[in-house]
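# Residue-level structure breakdown
If you want the building blocks of each chain, they are given just below.
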Amino acid sequence: MSEVTQQKANPIRPDAGWKELPWGGIIPVGGTARAFKTGGWRSNRPIWDSEKCISCMTCWIYCPDMSILVEDGKMIGIDYDHCKGCGICAEVCPPRVKAITMKPEGV
Ligand code: SF4
Ligand code: SF4
C-alpha cells in the first residue's frame, strides 16, 4: 500500500478540549468520524418503523453521515452514535411508506 493511501493515526483525542483543536477547525486526517460519537449533537431523532420500511435504500443514499445501517441489502436500523438528526432520511422516505419520523430528543 502506498504512503498516500495508508490511514494515518488520528492526532486529535476524542476528549480534547477546544484549546487543543487545530486552528481553523482543520481536520488533519480522514476517517476521524470513527473516533467521535457525533450523534451527541443531535436535537431531533429519526424513529424508524421496520414494519413499514420496504428497504428501498433511498435514505441510505441521501444520509450525509452514513448512519443508515444495512445488512444483506436491507435496512436494519440507524447508527445513533453518528446520526446528527438532520431529518433528510424522513424527507426522502417515500410518502406512501413514511417509515421514518423525526422526534425531539429526550421526549
Ligand atoms: S437524521 Fe440525517 S444523519 Fe440521521 S440517519 Fe437521517 S439522514 Fe442520516
Ligand atoms: S427510505 Fe424509507 S422505505 Fe426506504 S429504506 Fe429508508 S426507511 Fe426504508
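The present account deals with the structure reproduced in this document.

Parameters at a glance
- For every chain, the first residue of its written sequence is number 1, and the numbers climb from 1 along that sequence.
- The naming scheme follows written order: chains are lettered A onward, ligands numbered 1 onward.
- Where totals are concerned, whole chains, interfaces and linings use all residues; where local detail is concerned, this predicted model gives features only for residues with pLDDT of at least 70, and gives and counts side-chain atom pairs only at 80 or more.
- Note that water and hydrogens are dropped before the side-chain values are worked out from all heavy atoms of the structure.
- Side-chain atoms within 4.5 Å link the members of a nonpolar core, which is a set of buried Ala, Val, Leu, Ile, Met, Phe, Trp, Tyr and Cys residues.
- Using a 1.4 Å probe on the protein chains alone, a residue whose accessible area is under 20% of its type maximum counts as buried, one over 50% counts as exposed, and one in between counts as partly exposed.
- Put simply, DSSP H or I for four residues or longer makes a helix, DSSP E for two residues or longer makes a strand, and each gets a number counted from the N terminus.
- Every residue pair with non-hydrogen atoms within 4.5 Å of one another is taken to be in contact.
- Put simply, two rings from Phe, Tyr or Trp (the six-membered ring, in Trp's case) pair if the centres are within 6.5 Å, and we call them stacked under 30 degrees between planes, edge-to-face over 60, tilted for the rest.
- For a Lys NZ or an Arg CZ to count as sitting over a ring, it must be within 6 Å of the ring centre and within 35 degrees of the ring normal.

## Focus on the nonpolar core
Within the largest apolar cluster, 14 residues are counted, with the highest numbers of intra-cluster contacts made by C59, I68, M75, I78, C89, A99 and I100. When contributions to this core are tallied by element, the ones reaching two or more residues are β3 (74-78) and α2 (88-92). Every residue in contact with A99, bar those within four places of it in the chain, is listed here: I47, W48, D49, K52, C53 and C93.

## Re the side chain of S67
Structurally, the position occupied by S67 is in the loop between α1 (58-62) and β2 (68-71). With residues near it in sequence (within four places) discarded, S67 still touches G77, I78, D79, H82 and C83.

## Brief notes about the packing of aromatic side chains
Note on aromatic pairs: each is described by the distance of the centres and the angle between the planes. Scanning the model with the defined rule gives 0 aromatic pairs in all. In this arrangement the basic side chain of R45 is found over the ring face of Y80, its NZ or CZ atom lying 4.1 Å from the centre.

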